[in-house]
Amino acid sequence: DTAVSQTPKYLVTQMGNDKSIKCEQNLGHDTMYWYKQDSKKFLKIMFSYNNKELIINETVPNRFSPKSPDKAHLNLHINSLELGDSAVYFCASSGDPVNEQFFGPGTRLTVL
Amino acid sequence: QKEVEQDPGPLSVPEGAIVSLNCTYSNSAFQYFMWYRQYSRKGPELLMYTYSSGNKEDGRFTAQVDKSSKYISLFIRDSQPSDSATYLCAMRKGTGGGNKLTFGTGTQLKVEL
């Protein structure tokens, strides 16, 4: 009964490809997030959705497009992958804006 | 210069030592301060959550916030090998703004037998 799950766990792909990462939370939370963690462990927010509405959109290339089909799911689609996109991507969720954010296990993306 | 600065380490201590982890920040609008622990190849998990200045204790962990100095600390007493992980400080402004957390770069801690 994983709280925040992500698929796939590992993703290895060629430059120029398009890929998607899926996230699901079973905590009943209203808010979900995507973070990128680089090789130096720096964790930076990319997007946040509250009840399927985009509320945070950091300076992220528009090759990255989040989609929230319902409040339990937040997917991340990446077009035209570049070498610099290699990182670990974490999904997180929280019950309301002041509450703890629960993180998923991460998706390790490697672009060759 | 990043909004939140944290010494990346690695920090290596013997079992039983007191560990002090610190972050400094530049934005005085930050009001909520957190410490996350991240084991290798896992997602971060919340360890401590404090609001404004002061101390908070939870078992072997104590979090301190000094807003006047823009400085936060996490102390771990009687450190154990299981405490070996990367510790990330995080902070955010008041309510609103979508609960955007700004993280430090993390300090890698190794507790040795």
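It should be noted that the structure appears before, not after, this text.
Residues numbered from 1 in each chain as written. Chains lettered and ligands numbered in written order. Predicted model: local features only at pLDDT ≥ 70, side-chain atom pairs only at ≥ 80, totals over all residues. Heavy atoms only, no water.

Caption draft 1: Looking closely at the environment of Gly54(B). All names here are of chain B. With respect to the helices and strands, the residue glycine 54 is situated in strand β6 (residues 54-58). Sequence separation between glycine 54 and isoleucine 72 is 18 residues; the distance between their C-alpha atoms is 9.6 Å. When near neighbours in sequence (up to four residues on either side) are disregarded, glycine 54 contacts Ala63, Gln64 and Val65. (Helix = DSSP H or I, 4+ residues; strand = E, 2+ residues; numbered from the N terminus. Contact = heavy atoms within 4.5 Å.)

Caption draft 2: Inspection of the pairing of strand β2 (residues 10-13) of chain A at higher detail. Residues and elements named next belong to chain A. Only one face of β2 is covered, namely the face carrying Leu11 and Thr13; the face carrying Tyr10 and Val12 is uncovered. Pairing geometry for β2 and strand β11 (residues 107-111), over 4 bridges, is parallel. What sits directly across from threonine 13, in β11, is valine 111. (Buried < 20%, exposed > 50% of the residue type's maximum accessible area, 1.4 Å probe, protein only. Pairing = 2+ DSSP bridges.)

Caption draft 3: Summary view of the sheet that holds strand β7 (residues 61-66) of chain B. Residue and element names in this part refer to chain B. Taken together, the 5 strands give an open sheet; going across it, the order is β1-β3-β8-β7-β6, and neighbouring strands pair in antiparallel fashion. Edge positions in the sheet fall to β1 (4-6) and β6, since each has one partner strand and no second. Shown here is a sheet whose adjacent strand axes are inclined to one another by a mean of 15°, direction ignored. As defined by bridge partners, β7 adjoins strand β8 (residues 71-76) across 6 bridges and the pair is classed as antiparallel. Among the inter-strand pairings, alanine 63 is bridged to a residue of β8, identified as leucine 74. (Axes fitted to C-alpha atoms, helices over the stretch in contact; angles between N-to-C directions.)

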